[in-house]
Amino acid sequence: MSKLSLDRILQSQGFGTRKYCRALIEDGDVIIDGAPATNYKTTYETDGLVLTVFDEEWIYRAHLYLALYKPANFECSRKPSHHPGVLTLLPEQFTWREVQPVGRLDHDTTGLLLMSDDGPFIHAQSSPKRHVPKIYQATTEQPITDALVAELLKGVQLHDEPAPLAAVSCIARGDHQLEIVLEQGKYHQVKRMLAAAGNHCSALHRSAIGGLTLEALGIAEGEWCYLTDEQLALLAPSA
Ligand code: URA
């Protein structure tokens, strides 16, 4: 439980600078419990607080934990250079809150991307010591053979890696469709592993992280949603 002044609350939720938030409040643009809250010094219990700002309802959240269905041709980088950044798919307030992608997907990879403004959460999720399986659906240029599957399961040597990297699981889902599960998150890992095994990845989609699947989230390409505590628990590392 914590109480904060209204201007600090609005600022913490990404509505802008303290000065701008005070102006919003004094202009009557912030509604709490059905009435304009016009004194920025008034303190409110933040737990469960619901604010209406410019007719849109926002629940106070100390931190943001989001899932985005990343479309192709969006970059995860903070300073995108060739395509729009994934942050452009979220409400503007989230940029003010410094929401970031948890790990990265290539600009042409689609699928499940976690996003948050909680530094320790991002750090913990991205740690190489954390063995959370990530499930990818890869489309390959050459047909998938038993030998390819065996090689990916055994491990392939990538440049700049001290030891071979192996898939946790690898299943042919069609002549050119491979479901591959990885526990590491190295740069271009799926594409590089396929290339090292003599094939080429022509399209890549991440369908799940741990037990959290895009299908269960039910969001369409380009859409995002808040993650519940139950959904976050599905990101726990495998035993
Ligand atoms: N592996 C890749 O090669 N690219 C991604 O975007 C994710 C995993």
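Residues numbered from 1 in each chain as written. Predicted model: local features only at pLDDT ≥ 70, side-chain atom pairs only at ≥ 80, totals over all residues. Heavy atoms only, no water.

Turning our eyes to something else, we now look at the packing of aromatic side chains. Using the criterion set out here, one finds six aromatic pairs in the structure. An angle of 80° between the planes, with centres 4.9 Å apart, marks the rings of Tyr 65 and Phe 121 as edge-to-face. Here Tyr 65 is found in strand S7 (residues 65-70), whereas its partner Phe 121 is found in helix H4 (residues 119-126), with 56 residues between them in sequence. Measuring from centroid to centroid gives 5.3 Å for Phe 94 and Trp 224, while their planes differ by 75°, and the two rings are edge-to-face. Here Phe 94, found in helix H3 (residues 92-96), pairs with Trp 224, found in strand S15 (residues 224-226); they are 130 residues apart in sequence, far enough to count as distant. Residue classification places Phe 94 among the buried positions, given a relative accessible area of 2%. Residue Trp 224 is classed as partly exposed on the basis of its relative accessible area of 24%. A cation over a ring is seen here: Arg 61 above Tyr 226, with NZ or CZ 3.4 Å from the ring centre. (Phe/Tyr/Trp six-rings, centres within 6.5 Å; stacked < 30°, edge-to-face > 60°. Helix = DSSP H or I, 4+ residues; strand = E, 2+ residues; numbered from the N terminus. Buried < 20%, exposed > 50% of the residue type's maximum accessible area, 1.4 Å probe, protein only. Lys NZ or Arg CZ within 6 Å of the ring centre and 35° of its normal.)

Next up on the list: empty space enclosed by the protein. Unoccupied space between atoms shows up once a probe the size of one water molecule is rolled over them. Within this structure, the stated rule accounts for one cavity of 30 Å³ or more. The calculated volume of the largest cavity comes to roughly 60 Å³. Lining of the largest cavity is provided by Gln 13, Phe 15, Trp 58, Ile 59, Arg 61, Leu 64, Phe 94, Arg 97 and Tyr 226. A class-by-class count of the residues in the lining of the largest cavity yields six nonpolar, one polar and two charged. (1 Å grid on protein atoms, 1.4 Å probe; cavity = no way out; pocket = protein on both sides within 12 Å on 5 of 7 lines; lining within 4 Å. Points joined across faces, edges and corners; volume = space filled by probe spheres on them. Nonpolar A, V, L, I, M, F, W, Y, C, P; charged D, E, K, R; others polar.)

Once that is clear, we can look at the pairing of strand S13 (residues 201-209). Among the nine residues in S13, seven count as buried, and that is most of the element. Sheet analysis places strand S10 (residues 134-140) next to S13, joined by seven bridges and oriented antiparallel. Counterpart to Thr 140 in the pairing with S13 is Cys 201. Bridging between S13 and strand S14 (residues 212-213) involves two bridges; their strand directions are antiparallel. For Ala 208, the partnering residue across the bridge sits in S14 and is Thr 213. Hairpin geometry of S13 and S14 is characterised by an intervening segment of two residues between the two adjacent antiparallel strands and by a positive phi of about 55° at Gly 210. (Pairing = 2+ DSSP bridges.)

Taken as a whole, the protein chain is organised into domain 1 (3-59), domain 2 (65-128 + 212-233) and domain 3 (133-209). Roughly 540 Å² is buried in total at the junction of domain 1 and domain 2, and carbon and sulfur atoms are behind 60% of that figure. Interface area lost by domain 1 to domain 2 is led by Gln 13, Gly 14 and Trp 58, which between them contribute 69%. Along the contact surface separating domain 1 from domain 2 lie zero salt bridges. (Domains from an automatic or database assignment. Buried area = accessible area lost by both parts, 1.4 Å probe. Salt bridge = Lys/Arg side-chain N within 4 Å of Asp/Glu carboxyl O.)

What follows concerns the layout of surface pockets. By volume, the largest pocket is sized at about 890 Å³. Taken together, 36 residues make up the lining of the largest pocket; nearest its centre are Gly 103, Arg 104, Leu 105, Gly 185 and Lys 186. Taken together, the residues that form the lining of the largest pocket break down as 13 nonpolar, 13 polar and 10 charged. If you count residues domain by domain, the lining of the largest pocket takes at least three from each of domain 2 (65-128 + 212-233) and domain 3 (133-209). What the second largest pocket holds in volume is close to 230 Å³.

Here we come to the site of the ligand. All residues adjacent to the ligand are Leu 105, Asp 106, Thr 109, Tyr 136, His 188, Gln 189, Val 190, Lys 191 and Leu 204. Measuring from an oxygen atom of the ligand, one finds a side-chain N or O atom of Thr 109 at 2.9 Å. His 188 has a polar backbone atom sitting 3.2 Å from an oxygen atom of the ligand. With respect to the detected pockets, the ligand is housed in the largest pocket. It is helix H6 (residues 189-196) that contributes the most residues to the shell around the ligand, three residues altogether. Classifying every residue of the shell around the ligand by side-chain character gives four nonpolar, three polar and two charged. When residues of the shell around the ligand are assigned to domains, at least three map to each of domain 2 (65-128 + 212-233) and domain 3 (133-209). (Near = heavy atom within 4 Å. Polar contact = N/O pair within 3.5 Å; in protein donor to acceptor, adjacent residues only side chain to side chain. Sits in = over half its atoms within 2 Å of the grid points.)

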